[in-house]
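Descriptive structure summary
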Amino acid sequence: MMKNTIGKIAVSSAAILSFGSCQTKKESSKKSETKPNVVVICLDDLGYGDVSAYGGTTLKTPNIDKLANNGALFTDGYATSATCTPSRYGLLTGRYPWRNKDAKILPGTAPLLIDPAMMTMPKMFRKAGYQTALVGKWHLGLGTGVVDWNKRVSPGPNEVGFDDAFYMAATADRVPTVYLKDGVVEGLDPKDPIYVSYAKNYDGEPTGLSNPEMMTMKWHHGHNGTIVNGVPRIGFMKGGKAARWNDETMTNVFLKRAQDYVKNHKDKPFFLYYALEQPHVPRVPNPKFVGKSGLGPRGDVVLEADWAIGEFVKTLEKEGILENTIIVVTSDNGPVLNDGYYDDAVEKLGDHKPWGPLRGGKYSLYEAGARVPFITYWKGHIQPTVSDAIVCQVDLMTSFAKLVGSKIEGPDSENILNAFLGKTENGRETLITEATSRTLLRKGDWILIPPYKGEAVNKFVNIEVGNDNEYQLFNVKEDIGEQNNLAKSNPEKLAEMKKTFLELRGK
Ligand code: NG6
Ligand code: CA
């Protein structure tokens, strides 16, 4: 059912006619000899159903849809994890995050998770002659232990392959709420040094607990630390007042950096990882987008992100490099409504389904945890396609290596370049994703979730996280919503899946 819905929308002939149809054969074959720029646009907590090209009708994302309708839309595209840090670790290293025991949601003071000696996707691009850049969310740790935020913080993105990096350290709801440029807090006044702790508050600094009257957004669970711009965050921070970001302009700030990067680097091939913060909490849209979705701030920030993506693509076009740029649009993990603040995400949801037809959400072993919007677009090169291939962000590293003539491979990263280019529906055969350190197997049309202890529903976020005392076996081609556990009725398939899971996962 889902496939039909997607198919109808994504490959409507109007869309095909309106875009890219005038590209001549000669032009495209000439372009493919050059090294295309690669831009990976990764959103934060954007759900499978949040993109209207995936079948949603309440919330419209015209700019992402335009890429989806004129590129390849993957129905079975995955992050490696149902949370951010492990997911981005998989994306950037080509290695499954469950192989690294520290790949968990990190506090803003955590050390760098990626070993600087490791090969990474940006390093691979660099070796192939590319310029590399990060703009947006990092959340993979910084430094080696104790960080002095008043000096250059390293190692960080620059030490794992990014020539240029402009980023937030962790998440929008975690301190420090400042931007860093190549390891240096931007706009810091040396007379007002910045201190960050996740252990205890600094005397006299307002928190969500001590000064609730200062909050413009209330915390629901977790977020009762330092108040910045009326929003109580996770963790404590003191000083650095001039450097603190303004949540309302964050989208514009990141967009401008991404646009400037393109303008200043267009003469040589580049790899840009543009990591937008939406719709992660706290959801603080720019005033231009307040009330625009009718779904409250969560819907508004999705519209804002969609707008930013449209503006970014316009820049590529204006600079004359759209035909020579591959764009990937995806999300680090699935959706969540109440992720710790009272922000009307639940109350104003209406009939919008951020998870689409999938079960679960962020933090979940069920499909809405790691199955995410996944789109590849390359004007004149990728034909409008809806692909059922199983593809994962972990595969981008090796696949792009093949594209740019590099022999480098990520340890868990498969070469499925032709699937990413929409030329074949053969993607991965097997995939092991994770959700808060619990792993599961996708193989062909089947999902195996091993038994895990713990609550079935995380009551704070109201998401079925997938724990069960029994094995769960689903055929997601026939049962995309994972309603029928076939573990008992199909013992042969169960045995086969258990065997594969053991082989791949070990122990
Ligand atoms: C959780 C936070 C949640 C969010 C998440 C990270 C609490 C209670 N919840 O610990 O709000 O920040 O971490 O999200 O603190 S992620 O997309 O970066 O993985
Ligand atoms: Ca996320």
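Okay, so let's go over this structure. Remember, it's a predicted structure, so these values are computed and weren't measured experimentally.

**Notes on the nonpolar core**
Grouped together as the largest cluster of nonpolar side chains are 146 residues, with contacts concentrated most on Ile 41, Leu 272, Tyr 274 and Ile 375. If you tally residues by element for this core, the top one is helix H8 (residues 297–318), at nine residues. Residues within four places of Ile 41 in sequence aside, it is in contact with Tyr 274, Leu 276, Ile 309, Ile 327, Val 328 and Val 329.

**Quick notes on the site of ligand 1**
If you check the shell around ligand 1, you find 16 residues, and the closest are Thr 83, Cys 84, Gly 222, Asp 339 and Gly 340. Split into classes, the residues belonging to the shell around ligand 1 amount to four nonpolar, eight polar and four charged.

**A few points about the pairing of strand E1 (residues 37–43)**
With seven of its seven residues buried, E1 lies for the most part within the structure. Where E1 and strand E13 (residues 325–331) come together, seven bridges link them in parallel fashion. When the sheet's bridge partners are listed, Val 38 is paired in E13 with Ile 326.

**Things to note about the packing of helix H4 (residues 62–69) against H8**
Two numbers describe how H4 lies on H8: the axes approach to 7 Å, and their chain directions differ by 55°. One way to sum up the angle between H4 and H8 is to call them oblique. Facing H4, whose interface residues are Pro 62, Asn 63 and Ile 64, H8 presents Asp 306, Trp 307, Ile 309, Gly 310 and Val 313. The class makeup of the residues in the contact of H4 with H8 is five nonpolar, two polar and one charged.

**Some details on helix H5 (residues 84–93)**
Among the ten residues that make up H5, ten are buried, leaving the element largely enclosed by the rest of the structure. Every buried residue of H5 is accounted for by Cys 84, Thr 85, Pro 86, Ser 87, Arg 88, Tyr 89, Gly 90, Leu 91, Leu 92 and Thr 93. Along its buried surface, H5 packs onto E1, helix H6 (121–127), helix H10 (396–403) and strand E17 (430–435). Looking at the residues trailing H5, positive phi occurs at Gly 94, about 70°.

**Overview of the sheet that holds E17**
Two pairing modes exist for strands in a sheet, parallel and antiparallel, and in both the strands are linked by backbone hydrogen bonds. Strand order in the open sheet formed by four strands is E17-E18-E19-E22, and the pairing between neighbours is antiparallel. At either end of the open sheet lies a strand with only one pairing partner, and these are E17 and strand E22 (472–475). For this sheet, the mean inter-axis angle between neighbouring strands, taken without regard to orientation, is 20°. As paired elements, E17 and strand E18 (residues 438–443) share six bridges and run antiparallel to each other. Residue pairing across strands places Glu 434 opposite Thr 439, the latter belonging to E18. On top of the sheet, helix H12 (residues 491–505) reaches E17, E18, strand E19 (446–449) and E22; it is set at about 120° to E18, its chief contact.

Here is what the cut-offs are and how they apply
- Residue positions are given per chain, counting from 1 as you read along its sequence in written order.
- Numbering of ligands from 1 and lettering of chains from A proceed in the order in which they are written.
- Confidence filtering applies because this is a predicted model: local features only for residues at pLDDT of at least 70, side-chain atom pairs given and counted only at 80 or more, and all residues used for totals across whole chains, interfaces and linings.
- Think of a nonpolar core as buried Ala, Val, Leu, Ile, Met, Phe, Trp, Tyr and Cys residues, each tied to the set through C-beta atoms within 7 Å.
- Counting other C-beta atoms within 10 Å of a residue's own tells you its class, since 20 or more makes it buried, 12 or fewer makes it exposed, and anything in between is partly exposed; those C-beta atoms are placed from the backbone.
- Secondary structure follows DSSP: runs of H or I at least 4 residues long count as helices, runs of E at least 2 residues long count as strands, and numbering of each begins at the N terminus.
- By the criterion used throughout, residues are in contact when their C-beta atoms, derived from the backbone, lie within 7 Å.
- Nearness here has a simple definition: the residue's C-beta atom, placed using the backbone, must lie within 6 Å of the molecule or strand.
- Put simply, Ala, Val, Leu, Ile, Met, Phe, Trp, Tyr, Cys and Pro go in the nonpolar bin, Asp, Glu, Lys and Arg in the charged bin, and everything else, Gly too, in the polar bin.
- Pairing between two strands requires that DSSP report at least two bridges joining them.
- Structural elements are reduced to axes, namely lines fitted to C-alpha atoms, with helices fitted over the stretch in contact, and the angle between N-to-C directions of any two is expressed from 0 to 180 degrees.
- Small angles under 35 degrees read as roughly parallel and large ones over 145 as roughly antiparallel, with 65 to 115 read as roughly perpendicular and the rest as oblique.

In short, shape yes, function no, at least from these values alone.
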